[in-house]
Structure formats: structure tokens, C-alpha cells
Amino acid sequence: MKKLTYTLIMLGFMTLNSQAQTIGGPCEGCEALLEYGNKHLTAVDTLPEFETAQPQMVVTGTVFQSDVKTPAAGVIVYAYHTNRDGIYPTKGNEKGWARRHGYIRGWTKTGEDGRYTFYTFRPETYPSRSEPAHVHLTIKEPNKQEYWIDSILFEGDPLITEKVRKSKGNRCGSGIIELQQKDGYLIANRDIYLGLNIPNYH
């Protein structure tokens, strides 16, 4: 009986420990990545209001495996951000995490070349100006749970202070990027290195 009790206690401890070893640590809202429903995911997605909001922006890059050189296929990249008023807009009929993330969001899935691309527009900072303007990114590798990586920030944003720079963990690489101009679009190139600086990554 004592042996059985000890075994049950150990199993419970292992379960709790396993839950504590979440890849990337706690992540409120990471499960929003799974809310694409029946949408067929490809390497390219166009976010709502791309055609009407200015300035138009293309978020793109390559997802690399943990060796930092081999392109990673089958990785889902989820992106969402504020509108030009600095809020996450909703239409009132949202479900799940869309009620907080708003409807300006999208999903891509990398092919053999590891590439992903979102056609969108440059977001604005929150009305409170408490944080620099940013694009949230969450990823999911095959056979792994989803986890968040450093958001995209834009060089030149006056809200990117030294304190902000030092607070970043460079999760899957640095998210602070220099926007480029090409064919009338702002280009935000954000390469992703799987597992880099991600806690509990195995």
C-alpha cells in the first residue's frame, strides 16, 4: 500500500513538473495560434485592412531549425497587431482570443524553404504610449506546443529606449528590425531561429 501511495505521489509530481516545463514558459493567449479553424494555411497570408490602411507593410522572413542554417518546414506563424489607432479592433462577434487580439491577425505555415509572409500595414502604438508599436508573433513547430517569440519592433521608434532593448530576450532572434522600402511597401524582415533563447526547449 505504501509503495502504491508513493508511486501515485511521484506520478502526480511528474505531471506537475511536466506542466511547469512548458516550452517558452507561461504564455497567456498562445493558444490563439490554434484558432485558424478550417483555414488552409500557406506560406502567405493577407491580414484584414491591408488594402485600405496605410502605410502598407510586408512582414516576412525565414524560419530556421535550431542549427540556425537549415530552413524549417511545417512551422505555423501567428501574427496580430493593433490598427492605426493603436487598438485591437473587434466587430462584436468574435470568439475565443479574437475578443482580445482583435481581427487584424493571420496565420502562415512554412514550406520547404522556411519562408513566411504577411501582407498587412504598420501598427500604431497604444493610445497610452506605454509600449513601442509592435507585431505579436507566436509559433508552433511540428510535434511541439506553441510558444511566443520576441515581437517585431521598429528601429527609430522613440519609445524603444535602452531599457526596452535590454528587456528583450531575443527569443528566436531579435525582433527589433530596420524597415526597408520596396515597391511602395515597408518591408519588415524578421528571421526566426527555432529554440534560440527559449526556456525549456528540447
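Residues numbered from 1 in each chain as written. Predicted model: local features only at pLDDT ≥ 70, side-chain atom pairs only at ≥ 80, totals over all residues. Heavy atoms only, no water.

Enquirer: Quick one: what's the story with the nonpolar core, residue by residue and with numbers?
Expert: Formed by 30 residues in total, the largest nonpolar core has its most connected members in Ile-139 and Ile-192. Of all the secondary-structure elements, those providing two or more residues to this core are β2 (56-64), β3 (76-81), β5 (115-121), β6 (134-140), β7 (147-154) and β10 (185-189). Looking at this core, the element that brings in the most residues is β7, giving 4 residues. With 8 residues, the next largest nonpolar core counts Ala-32, Leu-33, Leu-41 and Ile-76 among its residues. (Core = buried A, V, L, I, M, F, W, Y, C linked by side-chain atoms within 4.5 Å. Buried < 20%, exposed > 50% of the residue type's maximum accessible area, 1.4 Å probe, protein only. Helix = DSSP H or I, 4+ residues; strand = E, 2+ residues; numbered from the N terminus.)

Enquirer: Provide a residue-level description of the environment of Ala-53, including the pertinent values.
Expert: With respect to the helices and strands, Ala-53 occurs in the loop between β1 (44-46) and β2. Sequence-distant contacts of Ala-53, that is, excluding residues within four places in its chain, are made with Arg-84 and Phe-121. (Contact = heavy atoms within 4.5 Å.)

Enquirer: Hey, could you go over the packing of aromatic side chains for me, with residue numbers and the actual values?
Expert: For the structure on display, the rule yields 10 aromatic pairs. Both rings, one in Tyr-80 and one in Tyr-88, keep their centres 5.8 Å apart while their planes meet at 50 degrees; by these two values the pair is tilted. Judged by its relative accessible area of 22%, Tyr-88 is partly exposed. With a centroid separation of 5.9 Å and an interplanar angle of 65 degrees, the aromatic rings of Tyr-88 and Tyr-126 are classed as edge-to-face. Pair noted here: Tyr-88 is in the loop between β3 and α2 (98-101) and Tyr-126 is in the loop between β5 and β6, with a separation of 38 residues, a long-range link. Chaining the aromatic ring pairs together yields one cluster made of Tyr-78, Tyr-80, Tyr-88, Trp-107 and Tyr-126. One cation-aromatic arrangement involves Lys-91 over Tyr-103; the distance from NZ or CZ to the ring centre is 4.9 Å. Its guanidinium or amino end placed over the ring of Tyr-201, Lys-144 lies 4.8 Å from that ring's centre, counting from NZ or CZ. (Phe/Tyr/Trp six-rings, centres within 6.5 Å; stacked < 30°, edge-to-face > 60°. Lys NZ or Arg CZ within 6 Å of the ring centre and 35° of its normal.)

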